[in-house]
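Reading the structure
The chain contents come next:
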Amino acid sequence: MSEIEVVGQVVGGKAAKILIREKSGEKIELGDLLVVKEKDGLLILQVYDLGYGSQVPQTTRELLAGLKLEGYGAGLTFLEPHLRNYVMAEVKAVARIEGKKIRIPKTLPSFFSSIRHVTKEDLAFLTKPSQPIYLGKVRSGSKTLDVPIHLNGMDVLKHHIVVPATTGRGKSNLVKVMLWSILGQEKFGILVLDPHDEYYGRHQKGLKDHQKAKGNLLYYSSNPPAGANTLVINLKSIKPGHFQGIVMFTNAQRDAIKRYNNLFRDKWIECIVHGKEVENVAPSTIGVLQRKFDNVLGVYEDTSGELQCRSRIFSDTAGSTTTKDIANALEEGKMVVVDTSRLLGQAELLIGSIVVSSIFSRYQRAKSEGKLEKKPVVSVVIEEAPRVLGKEVLESAGDNIYSTVAREGRKFKVGLIAITQLTSLIPRPVLANMNTKIILGNEMALERHAIIDSAAQDLSDDDRTIASLDIGEAIVSSNFTRFAVPIRIPLFEDYIKTNSNEGEREKPVFLG
Ligand SMILES: Nc1ncnc2c1ncn2[C@@H]1O[C@H](COP(=O)(O)OP(=O)(O)OP(=O)(O)O)[C@@H](O)[C@H]1O
Ligand SMILES: [Mg+2]
């Protein structure tokens, strides 16, 4: 190691808090990855706090500052100030590299070891997984290294991914980048419930611009551009169970639904909307159900007795194969983006519920028949995940298909990509089950604590680092990475310019 590269030296501390004195003129940043070269390998360190150190007593420093400020000694200074005043960095060892092996560090670096910044070559131990999902490049503080990071899609998708961050930090951008990198890989079926219509790229760049979009990307919208599919769902595809945990019903309403379903089978909603009389069901109950279906689905009976839908998304005549078509596409390893921007939240969740329930039961069946192995992993991207995974929702309305997937999906190769601003609303057991967290910036301490408490690695020292993450900067904490990896996510629009066929061109690497 040449002298020029040295940025500091180990001067004390203990395992979880190694103290490094910064070399004058260097700037060690929060989150920086540093390296100590040892006889049998490398120790990778990460900076989690910075402070001042000085050989001069505080009172003397204050006096000198006072003299200068009050105009008594413009030229006054310390002898050899760079020797007497300096910055101390608190770091922790995150990984020990011995050849191609990554170990959890159990020893301290030698006393007085020289420290330098990590380089691309130091990270050469990283290898490419067989079904890569691209996340971005390794980041040291705010510097980006030319070392791409991929996760193995097979592992991470069925074990769920959470993307927590304050608004505007780049959650949707990250998921777009990830999806772009796997579009056309038939091992993954991805359902995107898109309440902001931002993934397909109707008016801007989006997944539609991918080379392999044709045949591999389906887009459903109530207002489809040329070549896309119209989002119309036949009321007959909705079963009472699809409302489970999404729309609340009283016992009387539930009983009424059951009776209508038994009597009229898949026409149960239509019959309720038309107010068909049924013995032992109070007209007032039917009145309330009619109002609920009007609120949630936008369906009502007009003055001429016809069934109408305000959003035109639900119909009693059209759209009889829509949800089946979507489920089939997912099972074939395609990506399906459903533009739900014109829908109320509950209707969006209900559409997801129909499709996910269908996939879930198909995959349960496939498993019992020993055919699951060959099926693609299906993952569901859900924005504002606490709508279906929130404590309050689960406590008041009970489990829904999304929470069932969060709990049991991995057994059946079905997973969630849950995007949220409010991690603290999701119960801990659910969060702990979501094995990969891609953590972007968050100013809210409560949210950071919920994330840190459920992370795969000990991030208790990273609170400040997470608070200071800039747009597009993230930490990947996963059961499938050996340490929490700091990354920089590219801006989607830039990424697709250089990676029109991501995955095949660059030489990616993987932590595992
Ligand atoms: N990796 C990135 N690099 C540079 N700029 C980015 C990056 N990610 C996001 N941005 C910028 O930040 C803006 C907001 O990003 P994005 O919509 O992904 O945030 P979000 O977290 O999904 O926000 P919301 O909570 O509102 O959904 C983008 O329009 C883009 O300009
Ligand atoms: Mg977003």
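Bear in mind the structure is a predicted one, so any value in this text is a computation, not a measurement.

Another aspect to go through is the overall build of the protein. When you go through the protein residue by residue, the secondary structure sums to 16 helices and 24 strands. Taking the principal axes of its C-alpha atoms as reference, the protein extends roughly 95 × 50 × 40 Å. Taking all 512 residues of the protein together, the buried fraction comes to 54%. When contacts within the protein are restricted to residue pairs at least 6 apart in sequence, long-range pairs at least 24 apart make up 72% of them. On the protein, roughly 23,100 Å² of surface is accessible, and the fraction owed to carbon and sulfur atoms is 50%. Across the protein, 68 positive and 60 negative side-chain charges occur, with their mean positions spaced 5 Å apart.

Our next topic: the site of ligand 1. Thr-167, Lys-171, Ser-172, Asn-173 and Ile-489 are the nearest of the 13 residues found near ligand 1. In this structure, a nitrogen atom belonging to ligand 1 sits 2.7 Å away from a main-chain N or O atom of Ile-489. Considering ligand 1 on its own, with 630 Å² of exposed area, one finds that the protein chains cover 66% of that surface. Broken down by class, the residue content of the shell around ligand 1 amounts to four nonpolar, seven polar and two charged.

What follows covers the packing of aromatic side chains. Inspection of the entire model under this criterion finds 10 aromatic pairs. Taking the centre distance of 5.6 Å and the plane angle of 75 degrees together, the rings of Phe-243 and Phe-249 count as edge-to-face. The structure contains a cluster of three or more aromatic residues connected by ring pairs, namely Phe-243, Phe-249, Trp-268 and Phe-293. Between the NZ or CZ atom of Arg-21 and the centre of the ring of Tyr-86, over which it lies, the distance is 3.8 Å.

The side-chain alternation of strand β10 (residues 161-164) yields two buried faces, one formed by Ile-161 and Val-163 and the other by Val-162 and Pro-164. Across four bridges, β10 lies against strand β20 (residues 414-420) in parallel orientation. Residue pairing across strands places Val-162 opposite Ala-418, the latter belonging to β20. Direction of pairing for β10 relative to strand β21 (residues 436-440): parallel, over a ladder of two bridges. Note on β21: the bridge partner recorded for Ile-161 is Thr-436.

Structurally, Lys-374 can be placed in the loop between α9 (345-368) and β19 (377-382). We classify Lys-374 as exposed; its relative accessible area is 79%.

A separate point is the packing of helix α8 (residues 322-331) against α9. Packing of α8 against α9 brings their axes to within 9 Å, and their N-to-C directions diverge by 50 degrees. Between α8 and α9, the angle falls in the class oblique. In the packing of α8 onto α9, the handedness of the crossing is right-handed. Residues Thr-323, Lys-324, Ile-326, Ala-327, Asn-328, Leu-330 and Glu-331 of α8 pack against Ile-354, Val-355, Ser-358, Ile-359, Arg-362 and Tyr-363 of α9. Of the residues contributing to the contact of α8 with α9, the split by class is seven nonpolar, three polar and three charged.

Closest axis-to-axis distance for the α9/helix α12 (residues 401-408) pair is 9 Å, and the angle between their directions is 45 degrees. With respect to α12, the element α9 is oriented oblique. On α12, the residues that touch Glu-348, Leu-349, Gly-352, Ser-353, Val-356, Ser-357 and Phe-360 of α9 are Ile-401, Tyr-402, Thr-404, Val-405 and Glu-408. Tallied by class, the residues present in the contact of α9 with α12 amount to six nonpolar, four polar and two charged.

Unlike most non-glycine residues, Phe-112 shows phi in positive territory, near 70 degrees. Tracing the backbone shows Phe-112 in the loop between β6 (101-103) and β7 (114-117). Taking the relative accessible area as the measure of exposure, Phe-112 reaches 48% and is therefore partly exposed. The phi torsion at Arg-312 lies on the positive side, around 60 degrees, for a residue other than glycine. You can see Arg-312 is positioned in the loop between β16 (307-309) and β17 (314-315).

This brings us to the pattern of salt bridges. As a working rule, side chains carrying opposite charge can pair if their charged atoms are close by. Counted by the stated rule, this structure contains 29 salt bridges. In this structure, Arg-96 and Glu-38 form a salt bridge, with 2.7 Å as the shortest nitrogen-oxygen distance. Remark: Glu-38 occurs in strand β3 (residues 33-38) and Arg-96 occurs in strand β5 (residues 85-98); sequence separation between them is 58 residues. Accessibility assignment for this pair places Arg-96 and Glu-38 in one class, buried. A single salt-bridge network, built from bridges that share partners, covers Glu-38, Asp-40, Arg-96, Glu-98 and Arg-103.

Quick look at the state of the cysteines now. One pass over the full model with this rule turns up zero disulfides. In this structure Cys-271 is a free cysteine whose sulfur lies 17 Å from that of Cys-309, the closest cysteine sulfur available. Accessibility expressed as a relative area gives 9% for Cys-271, which makes it buried. Its relative accessible area of 12% is what places Cys-309 among the buried residues.

A separate point is the nonpolar core. Leu-297 and Phe-314 are the most contacted members of the largest nonpolar core, which totals 70 residues. Ranked by residue count, the leading element in this core is α9, at 11 residues. Formed jointly, this core draws a minimum of three residues from each of two domains, domain 2 (132-227 + 329-510) and domain 3 (236-314). Setting aside residues up to four positions removed in sequence, Phe-314 forms contacts with Ile-233, Leu-235, Ile-238, Leu-297, Val-299, Cys-309, Leu-343, Ala-347 and Ile-351. Residues Ile-149, Val-163, Val-175 and Val-192 belong to the second largest nonpolar core, which totals 61 residues.

Rules behind the numbers
- Residues numbered from 1 in each chain as written.
- Chains lettered and ligands numbered in written order.
- Predicted model: local features only at pLDDT ≥ 70, side-chain atom pairs only at ≥ 80, totals over all residues.
- Heavy atoms only, no water.
- Helix = DSSP H or I, 4+ residues; strand = E, 2+ residues; numbered from the N terminus.
- Buried < 20%, exposed > 50% of the residue type's maximum accessible area, 1.4 Å probe, protein only.
- Contact = heavy atoms within 4.5 Å.
- Areas by Shrake-Rupley, 256 points an atom, 1.4 Å probe, with all protein chains shown as cover.
- Lys, Arg positive; Asp, Glu negative; His and termini not counted.
- Charge placed at Lys NZ, Arg CZ, Asp CG, Glu CD.
- Near = heavy atom within 4 Å.
- Polar contact = N/O pair within 3.5 Å; in protein donor to acceptor, adjacent residues only side chain to side chain.
- Nonpolar A, V, L, I, M, F, W, Y, C, P; charged D, E, K, R; others polar.
- Phe/Tyr/Trp six-rings, centres within 6.5 Å; stacked < 30°, edge-to-face > 60°.
- Lys NZ or Arg CZ within 6 Å of the ring centre and 35° of its normal.
- Pairing = 2+ DSSP bridges.
- Axes fitted to C-alpha atoms, helices over the stretch in contact; angles between N-to-C directions.
- Parallel < 35°, antiparallel > 145°, perpendicular 65-115°, else oblique.
- Left-handed = near helix turned anticlockwise from the far one by under 90°.
- Salt bridge = Lys/Arg side-chain N within 4 Å of Asp/Glu carboxyl O.
- Disulfide = S-S within 2.5 Å.
- Core = buried A, V, L, I, M, F, W, Y, C linked by side-chain atoms within 4.5 Å.
- Domains from an automatic or database assignment.

Everything listed here is a matter of coordinates, which is why it stays silent on function.
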